[in-house]
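Take a look at the letters that make up each chain.
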Amino acid sequence: MAGRGPAGRPGAGGRFAQFKLVLLGESAVGKANQSSLVLRFVKDQFDDYRESTIGAAFLTQTVTLDENTTVKFEIWDTAGQERYKSLAPMYYRNAHCAVVVYDITQASSLDKAKSWVKELQRQANENIIIALAGNKKDIVDENPDKRAISTADAEAYAKEAGLLFFETSAKTANNVKELFTAIAKKLPLDQAGPRNLRANPRTGPLDLRPEATGQQGAGNCNC
Amino acid sequence: MSLKPTDTDRRRWSSRDPWSPGVHPPGAYPPSPNGDRPQHSNLRSVNEVLKSRRDEYVRKKTIKIKVGTWNVAAFDKCYKDLGAWFAEGLGVKGLTQDLAGLRASTNGESDDDLYDSEIESVEEQEARYTKKDTTVPLHDSPAVPSGKEVDLYVLGLQEVIDVSSVTEAMKPYTDPNPGKKWKRALKKHLPAGYKKVVEHQLIGLLLVVFASPELAPQISSVDSTSVGTGLMGYLGNKGAVSARVLLGESTRMLFVNCHLAAGADSTALARRIWDTQQIVSRTKFEPVGDEWVGSTGRPEIIGDEDFAFWFGDLNYRLDDIPGEDVRRLLLLHARNEYDVLNASKRKIDSELGYQPQLPSDHRPDNHYDGEGIERAATQSKAAPDLDPTNDPASLQTTLKSLFTHDQLRAQQKARKAFHEGWREGDINFLPTYKYDVGSVAMFDSSEKKRSPSWCDRILYRSRRDYEQYQQRLQMEAESARRDEEMQRKGLGDASSHDDVLFDYDPDADGDSYDDDAEFQDDNRDAELVRTKSGSEDTIALEEYVSHQRVLSSDHKPLSAVFTLTYDSVDQELKAKVMRQVTKEFDKVENESRPTVTLVLDHHPFAASVTDRSADTPELKLVDFGDIRYHVQYERHLTIANTGQIEVLFAFVSGPSDNGDKLSPIPAWLDVQIHHDMNTGKAGPPDLGPIKRYRLLPGETTDIALLVEITQPGMVKHLNSGDMVLDNILVLRISNGRDYFIPVKGKWLQTCFYRSIDELVRIPSGVRSLTLHKEDAEAQRQPSKNILHSAPQELFVLTDKIPQMVERVVADWDMLHNQDEPPWNFGTTWPFLVMSDTTESSSRTEQLADIREALDTASSIDDHLSPTTDPLNQLVLLAETLVHFLQSLTDGIITNNVWKEIESRLQIHEKSKQPLSHETSQDIVMEAMSTTPIHSVSLTFITFMLNRLANEICANSAQQDRSVDPVGRSRSSTSASAMSDVSLSSIKSGGSTKTKRSLLSSLTGRSSNLDTTATSTSSTIDGAHSTSASKARLAHKYAEFFAPLVIRADQDHKTKEKASKAQLARKVRVLEVFLNQEM
């Protein structure tokens, strides 16, 4: 029947989607908070954030795209050490999006990022949205000699590999919000349809954490 | 309890496509087993907070809504007029505007302005009707708000298809083409950018709603539906199409366009009431799909809205008044609007039976004032000062008097239809039906001369109207109940009078007398309405007019203009508030995550290692240090809940490369947590079926990490370097972070679970293989050259055990005097199948020490605890030997050698020839000749056993005498002599060289097994007795050692009988080497 109203117009309550995001590469849980993108992203939530033990940090951050669309990221920030590289699949296997971080002042870090991207493209979900973030832009802004990887090179690589690309500064928050907003915009909000994105009163938040069990599978899914 | 893998522990870890069907679509909400987590943001919780901060982003906004209704009676031409009257507000003005209900002079315009001289006269308009063109007058100007002045256009049309045709009515579908035509016609006349919000058609009923570009984004939750009440009660030739829209997320609007049953008789009236009830009960909308206004999940119905507009051809007629009289009366009024020469007037005159008037009668005021049979009903212009409503001759007075016959109003008063708070504007226009097509005011001049009626109506109702209606009903029910109660009690007039006094409510009283006011909207002030979602909106009816000069249908179109003030959502402000709300949620959520502190308990080997890289924080590493075979190690972690909320934790599996299920804990490690498990089913999904533990704030618990490597396969892999003791445990805090706990240990090579071939290539103790760390890979591989004639470990044990036996036996009398020695129990002592020594930590340690001596090729004596009784030391050594033999991966007589031996034995068995010991020995030695290392190893064993047998038997004979000195005295001398011989023989054989030389001597030597038959007799002399008991012991040794020494593949299909025969063969083969005199 006709008269269902303008197509694609969400209901008054808008859309609320939750996605799992994994941070990889020379990110992440650095001893200095300034180097951590995710902490920068969620920083003003915290007065003080202490990192005492190695592991994967789990944080949430919500991005409001417009008055009707809200994207909640469940962020897993994996430890950057080589030692724990083998555990990364736990976190990226069910992730909807990934941020691969490299350090624009270190020439080798882009190669590491590339290997992460390669691994993600091979092992992670085929629809995963990957963003490449060249961090420590603040250092280069202050002293251009410190730059080891040119923007053009990284951008060309990102384009070729189909990645979102930003040069960021966790220290000054430059481009950090833009990075996450760009990811949110690229997520398949419409694919799921507004109806699916709406909260069902009988259900709680989606668990997007690694290894969410199959128990909550098709049998009792209300969507 | 242990975290070793079990089937239930194992969890599927496989790559799942989060977008694939069967998995939740991103952002969807699967059922949460832990529903009470209010601090978590989701659509509902965010919306609840947003709602509470509504004031920050809503702004009052006033809009104009125009509702139009028109029964086009299937006249094809009507669509050409649609835009003109509805969108442009034309067709009202001119001479006829009084007839159309346009309120005169309210806007302060002069009469000249109102009577626009440019406007086409009715006469001309009617005259050109035949032209297939729009019928609205030329040079007209809008009489009501139009174009961009109106924000929301709501149009209800009836009979866009000929619904009187049964074929059309019976059609199972609605022909959408007429709808498109009308929609296009309207769109063409609407200002640019107006957007269609609703379109719904049911046969002849069409409802379309257009919104201005500014308003459209404020509209949501649009739903529309239809109810057929026509033929057979459900077909769509009659019925309603309805739409519900949400304005600014809070104001619910309902639009009902209906066409009720036609006819003037009482049956038709009853049917209209039924139709209305059907529409009310059967109209259902999808619930507004969000938590914003607390959706209950049930469909929305008529009555849930804040503002309702019910319009269409309601088909109500005039009761109790002859139709012809009405016609005449109204024609008289219409006629007065025209000048004498007007063709339209002449038409009306002729209809009324008047004679045409001459132009000379023309009066300057342009009003007819003739001398006809009937006096003109009104002369509005002649008496300009008289308020038309008070002028008994005015059109308004006439209309008002006629209106008292209106069926709808009567039904409302009788509470049979549209009494539930529905209101209507003042009707100051002529009845909308039925006109001659092409005429302005000519009521049905056909044969039927149908009575003019206000069939077409626009009703409206606010939430407040509906609630007041409901309150009134309640009040009435209450008072009725009281009346009844009082009557039942038989109370007198006096008390009843009191009640009346107390209950008197001037407002309510007034209501009941002023029935008309209940439905008639004579108060045009804006009315304040509190909507369902709590906003305060106001509505006011501005205009209610008929478009008298639209000539293309036998119905005149109606339009009503409302002014609505509602809470409009400022999108930017809302987004800003939303950002603040979600940020606050994130903060609360992240700060309220469960937090634990992990402490690695101090241990000399477990000192935390700091990563060399300066960029990484300190690692917590559980280092077990050196890990030896069969030794238990233990480390402890303390986990403390240092947060504010309960913690659930569990160890979870890491990723696997091939999708196999992995255990969270590696096989070499055992994790024990002595703490209450969380047994509740409703565990967090991220921990799944894995065992999880609950810690309340302030609680701590101990996590014991245990290592004891005994499993043969694991030892082999560790020895070969295929496996390393280095894993990362992942400790997951439910709804919190993951902790990585690296656990490692350094495997110390052991001689156990190796092959003889391997052992003879190892220079000096297996431990030497890992001494050079940097070259570990090369060193781990045994040398290519054979360095020993037999495993050193075997030599050490088979050399040491007889020495110990000698010592123990020699010491026994001295130390134990009268006690029965352990070797007299008829067992294979010191090799014990069942250890009779209780398990104690000291025993475990001593065994480990002995193994350590073997692995490091150091002196056994140094590793034997000096405080331990030599007897026990001996048992420990014997146990180690047995264990060593068991652990040999190839065995001393390997499977292949045994096959050969066995096949040759079987040949002899078949030939039924008795097999001499020499032949048996020859068979074995020949088979083993290809593997000299194994051959030497065998000799070590048999030599040792022979020594033991000799020693023990000699001693037993001695013991026999000492225990029973009378009966056994004769044997003592020879027994002790034998013992001496044995001892000296053994002592001389304490080197490898000696043992090797023995090999040849053994093979050639004859034995005297035939003497065993009489060995039990106590009367036999000592030598014979010793020999017999030695043979018995040898047999026992053979039985005990045969399975240890000889490896034979056990075929599962081998029958029990064959298996027994094989065992017998093994024992016999070994036995032929044992009964040796030394």
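All of these numbers come straight from a predicted model, not from anything done at the bench. (Residues numbered from 1 in each chain as written. Chains lettered and ligands numbered in written order. Predicted model: local features only at pLDDT ≥ 70, side-chain atom pairs only at ≥ 80, totals over all residues. Heavy atoms only, no water.)

Chemist: How do you make sense of the confidence of the model for chain B when you look at a structure like this?
Modeler: Low-pLDDT portions of the prediction should not be read for the details of their coordinates. All names here are of chain B. For chain B, per-residue confidence averages 76 on the pLDDT scale, and residues scoring 70 or more make up 72% of the total. Averaged pLDDT values over the elements of chain B bottom out at 36 in helix α29 (residues 971-988) and peak at 96 in strand β10 (residues 307-313). In this model residues 291-295 is a low-confidence stretch, pLDDT under 50, and it forms 17 contacts with partners more than four residues away in sequence or in other chains. Taken as a whole, residues 963-1020 scores under 50 in pLDDT and shows 78 contacts with residues more than four places along the chain or in a different chain. Here the complex is predicted with pTM 0.62, and the ipTM for its interfaces comes to 0.76. (pLDDT = per-residue confidence, 0-100. Helix = DSSP H or I, 4+ residues; strand = E, 2+ residues; numbered from the N terminus. Contact = heavy atoms within 4.5 Å.)

Chemist: Would you explain the packing of helix α25 (residues 895-910) of chain B against helix α26 (residues 917-928) of chain B in this entry?
Modeler: Between two packed helices, both the angle of their axes relative to each other and the distance between the axes serve to describe the pair. All names here are of chain B. Where α25 meets α26, the closest approach of the two axes is 9 Å, and the angle between their N-to-C directions is 150°. Relative to α26, α25 is oriented roughly antiparallel. Relative to α26, α25 is oriented so that their crossing is right-handed. Each of Val897, Glu900, Ile901, Arg904, Leu905 and His908 in α25 lies in contact with α26, whose residues at this interface are Thr919, Ile923, Val924, Glu926, Ala927 and Met928. A class-by-class count of the residues in the contact of α25 with α26 yields 7 nonpolar, 2 polar and 3 charged. (Axes fitted to C-alpha atoms, helices over the stretch in contact; angles between N-to-C directions. Parallel < 35°, antiparallel > 145°, perpendicular 65-115°, else oblique. Left-handed = near helix turned anticlockwise from the far one by under 90°. Nonpolar A, V, L, I, M, F, W, Y, C, P; charged D, E, K, R; others polar.)

Chemist: What's the story with the packing of aromatic side chains in this structure? I'm lost.
Modeler: Scanning all chains against the criterion turns up 30 aromatic pairs over all chains. With a centroid separation of 4.8 Å and 65° between ring planes, the pair formed by B:Phe309 and B:Phe562 is classed as edge-to-face. Of this pair, B:Phe309 sits in strand β10 while B:Phe562 is found in strand β16 (residues 558-569), placing the two residues 253 residues apart along the sequence. Here B:Phe309 and B:Phe562 have matching classes, each one buried. Here B:Phe429 and B:Tyr544 contribute two aromatic rings whose centre-to-centre distance is 5.1 Å and whose plane-to-plane angle is 90°, an arrangement assigned as edge-to-face. You can see B:Phe429 sitting in the loop between β11 (423-425) and β12 (456-462) and its partner B:Tyr544 sitting in strand β15 (residues 536-546), a full 115 residues away along the chain. Aromatic rings pair up to connect A:Phe58, A:Trp76, A:Tyr84, A:Tyr91 and B:Phe740 into one cluster. The ring of B:Tyr316 is capped by B:Arg272, whose NZ or CZ atom sits 5.0 Å from the centre of that ring. (Phe/Tyr/Trp six-rings, centres within 6.5 Å; stacked < 30°, edge-to-face > 60°. Buried < 20%, exposed > 50% of the residue type's maximum accessible area, 1.4 Å probe, protein only. Lys NZ or Arg CZ within 6 Å of the ring centre and 35° of its normal.)

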